Amino acid sequence: MRLGYFSMPVHPLGRDWRQTLREDREAVIWADQLGFHDAFIGEHLTDRHENITNSLLFLATLIPETRQIRLATGTTNVSHQHPVLVAVQSAMFDHLADGRFILGVSPGALPSDAEVLGILGEDRNKLFAEAIEIITRIWSAEPPYDIDLPDNRFKVSTARTMDLELGVGVLPKPLQQPRPEIVGTVVAPFSKGVIAMGAKDFHPLSANFLLPKWVATHWPNYVQGKESVGARADIADWRVARTIFVADDEATARAYGRDDPASPYRFYYRQMLAKMRKLGRLELFKAHRDQPDEEITLEYVLDQLVICGTAESVAEQILRLREETGPFGEIVYAGLDWVDETLARRSMELMATEVMPAVRAALASEAASEKASVS
C-alpha cells in the first residue's frame, strides 16, 4: 500500500495568503522528504478558505524543491478553461517535472466558480466529458487534429494555418507516453462516473469526506468499467483518501484531532458540513439514505470520518477501514491547516515512518497466510 498526500486546502479566514501558500508548499516538501508517493492539490477561484486558484501553477513552484514525489492536480477543474489549454499546459508541466506529473480532473463543483465564469447554467458534467475526450485525443493525435465531436462546443483544428516546415500548428505532447496518469476524485456513493473511469483507464481517488461504506461502492463500478472494454482492474490503481492525525500519545491525538475548539480537523469538518448542507448533499455523511438530517451533527461526522490516535492505533484503524472497503492501492493522507506546525509535521512523520510500515507488515503477513493456505 502506497502513501499519498492530498490537500484541498482549507484555511481559516484572516490568515495571510502568503503564509498559507508557504505552509501548503512546506507540507508537500515535507511529504517528499518522508517518501510519500504523490501529492494532490486542489483549486478554486472563489473560495476564501480553499485559496489555491490554480493547482498547476502552485505545483510548478515545487518542481525544484522536491525530488521523488509525483505532483498531481487535485483537481484541474476542466470545465473552467478550454481543453487545449489544459492539454498543452499539462504537457509542458510533465516535461518540467521530468515525468513526475499526474493529471487529476473533475468538472468543478463550486457553484460560485461556475457563476463567475458564466457557466452556472451549463451542464458541467457534459463539459467535463467533452474536455477529457479532447485532451486525450490531442495527446495521441497528430496535426491538424480536426477534433469535432457531436454536439461539442470545442472544435480543435490547425488545418488552415499549419505549416510543418515552420513548426507551427503543432500541439505539444507530454513526456510520459502514451500519456500521464489521469485520476478522478469520486465523491458520490455508487458513482456511475467510476464506470467511465474504468473504461477509459483513468484511476479513482475516493474522497476523504465519504463514509467507508460508500467508498466500498466505488471499486465494483470501476471493475465494471474495466470489464466493459475487456481489461482487468488492478487494486494498485485505487486511491482512498482519509482524514488522519497521528500523535505520540492518545490525549494529544484526541484533542488536536477532534475535541479542541481550535482543532483544524474540527474546523475542516465544520466547513464541509456547512457547505454540503447548503448544497443539499448531506447524504455524503449519512449511514443510510433516509437518515434524518438532524442526526448529521459535527460530532457525528468527526466520529465517522477522522482517524486519530497513536501510530499503533491509526495502523489498526486503517486495516479496519480496508476490511470495510476492500483492498486498495494507496491511502491518501488529507493535509489540513497547520494550527500547530510541530504537531502537523510530526503526524506526517509518524504516518510515514511508523503507521505505514505496520500496515504493510500486516498486509504481508496476511498475504503469506493466504498463500500458505492455498498451497
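Residues numbered from 1 in each chain as written. Predicted model: local features only at pLDDT ≥ 70, side-chain atom pairs only at ≥ 80, totals over all residues. Heavy atoms only, no water.

*Asks:* Would you mind showing me how to read the overall build of the chain here?
*Replies:* Counting its regular elements, the chain contains 13 helices and 10 strands. For the chain, whose C-alpha radius of gyration is 21 Å, the value lies close to the compact-globule estimate of 21 Å for 375 residues. Its C-alpha atoms give the chain principal-axis dimensions of about 70 × 60 × 45 Å. Considering the chain as a whole, with its 375 residues, one finds that 54% of them fall into the buried category. Nonlocal contacts in the chain, meaning residues at least 24 apart in sequence, comprise 71% of its contacts between residues at least 6 apart. Of the roughly 16800 Å² of accessible surface on the chain, 54% is carried by carbon and sulfur atoms. (Helix = DSSP H or I, 4+ residues; strand = E, 2+ residues; numbered from the N terminus. Rg over C-alpha atoms; globule rule 2.2 N^0.38 Å. Buried < 20%, exposed > 50% of the residue type's maximum accessible area, 1.4 Å probe, protein only. Contact = heavy atoms within 4.5 Å. Areas by Shrake-Rupley, 256 points an atom, 1.4 Å probe, with all protein chains shown as cover.)

*Asks:* For this particular structure, what's the right way to read helix H9 (residues 250-259)?
*Replies:* Note on helix geometry: an α-helix contains 3.6 residues per turn, so any two residues three or four positions apart are oriented the same way. Of all the positions in H9, only Ala253, Tyr256, Gly257 and Arg258 are classed as buried. In a view along the axis of H9, the buried residues occupy a sector of 160°, so they form one face of it. On its buried face, H9 is in contact with strand E8 (239-246), helix H10 (264-279), helix H11 (298-305), strand E9 (306-309) and helix H13 (341-374). (Arc of directions from axis to C-beta.)

*Asks:* I keep staring at the pairing of strand E6 (residues 181-186) and nothing clicks. Help me out?
*Replies:* Two faces, one strand: in a regular strand the side chains alternate between the faces of the sheet. Burial analysis of E6 places 5 of its 6 residues in the buried class, which makes it a mostly covered element. For E6 and strand E7 (residues 203-206), the ladder comprises 4 bridges, and the chain directions are parallel. Bridge pairing in E7 places threonine 185 opposite leucine 205. With helix H6 (residues 193-200) bridging E6 and its parallel neighbour E7, the resulting β-α-β unit is right-handed. (Pairing = 2+ DSSP bridges. Right-handed = clockwise from strand over helix to strand, strands pointing away.)

*Asks:* How do you make sense of the pattern of salt bridges when you look at a structure like this?
*Replies:* Note on pairing: side chains with opposite charge can pair once their charged atoms come close. Applying the stated criterion across every chain, the model contains 28 salt bridges. Arginine 345 serves as the salt-bridge partner of glutamate 26, at 3.2 Å between the closest nitrogen and oxygen. Here the residue glutamate 26 occupies a position in helix H1 (residues 17-34), and arginine 345 occupies one in helix H13, the gap between them amounting to 319 residues. A relative accessible area of 33% places glutamate 26 in the partly exposed class. Here the residues in one salt-bridge network are Arg254, Arg258, Asp259, Arg266, Glu299 and Asp303, joined through shared partners. (Salt bridge = Lys/Arg side-chain N within 4 Å of Asp/Glu carboxyl O.)

*Asks:* Help me out: how do you make sense of the nonpolar core in this one?
*Replies:* Most often, soluble globular proteins keep nonpolar side chains buried together rather than apart. In this structure, Phe36, Phe209, Tyr269, Phe285 and Met351 are the most contacted members of the largest nonpolar core, which totals 116 residues. Element by element, the count of residues in this core is highest for H13, at 9 residues. Setting aside chain neighbours within four positions, we find phenylalanine 285 in contact with Phe209, Leu211, Met272, Leu273, Met276, Ile296, Tyr300, Val301 and Leu305. (Core = buried A, V, L, I, M, F, W, Y, C linked by side-chain atoms within 4.5 Å.)

*Asks:* Looking at this structure, how should I read the packing of aromatic side chains?
*Replies:* Pairs of aromatic rings are described using the distance from one ring centre to the other and the angle between the two planes. Enumeration over the complete set of coordinates arrives at 12 aromatic pairs. Taken together, a centroid distance of 6.4 Å and an interplanar angle of 75° make the contact between tyrosine 5 and phenylalanine 36 edge-to-face. Taken together, the residues tyrosine 5 in strand E1 (residues 2-7) and phenylalanine 36 in the loop between H1 and strand E2 (38-41) connect sequence positions 31 residues apart. Exposure class is identical for tyrosine 5 and phenylalanine 36. Each is buried. A centroid spacing of 5.7 Å and a plane angle of 55° characterise the contact between phenylalanine 245 and tyrosine 265, whose relative ring orientation is tilted. (Phe/Tyr/Trp six-rings, centres within 6.5 Å; stacked < 30°, edge-to-face > 60°.)

*Asks:* Before we go on, may I ask you to explain the packing of H9 against H10 in this structure?
*Replies:* For any two helices packed against each other, one specifies the inter-axial angle together with the distance between the axes. Taken N-terminus to C-terminus, the directions of H9 and H10 make an angle of 25°; their axes are 5 Å apart at the nearest point. Comparing their axes, H10 and H9 come out roughly parallel. Of the residues in H10, those in contact with Tyr256, Gly257, Arg258 and Asp259 of H9 are Pro264, Tyr265 and Arg266. The residue makeup of the contact of H9 with H10, split by class, is 3 nonpolar, 1 polar and 3 charged. (Axes fitted to C-alpha atoms, helices over the stretch in contact; angles between N-to-C directions. Parallel < 35°, antiparallel > 145°, perpendicular 65-115°, else oblique. Nonpolar A, V, L, I, M, F, W, Y, C, P; charged D, E, K, R; others polar.)

*Asks:* Even after reading the chapter, I still don't get a nonpolar patch on the surface, so can you show me in this structure?
*Replies:* Together, Leu45, Val116 and Leu117 make up an exposed nonpolar region whose accessible area comes to about 250 Å². Relative to the helices and strands, valine 116 resides in helix H4 (residues 111-116). Judged by relative accessible area, valine 116 falls into the exposed class, the value being 56%. (Patch = residues over 30% accessible without salt bridge, like charges linked within 9 Å, V, L, I, M, F, W, Y side chains within 5 Å.)

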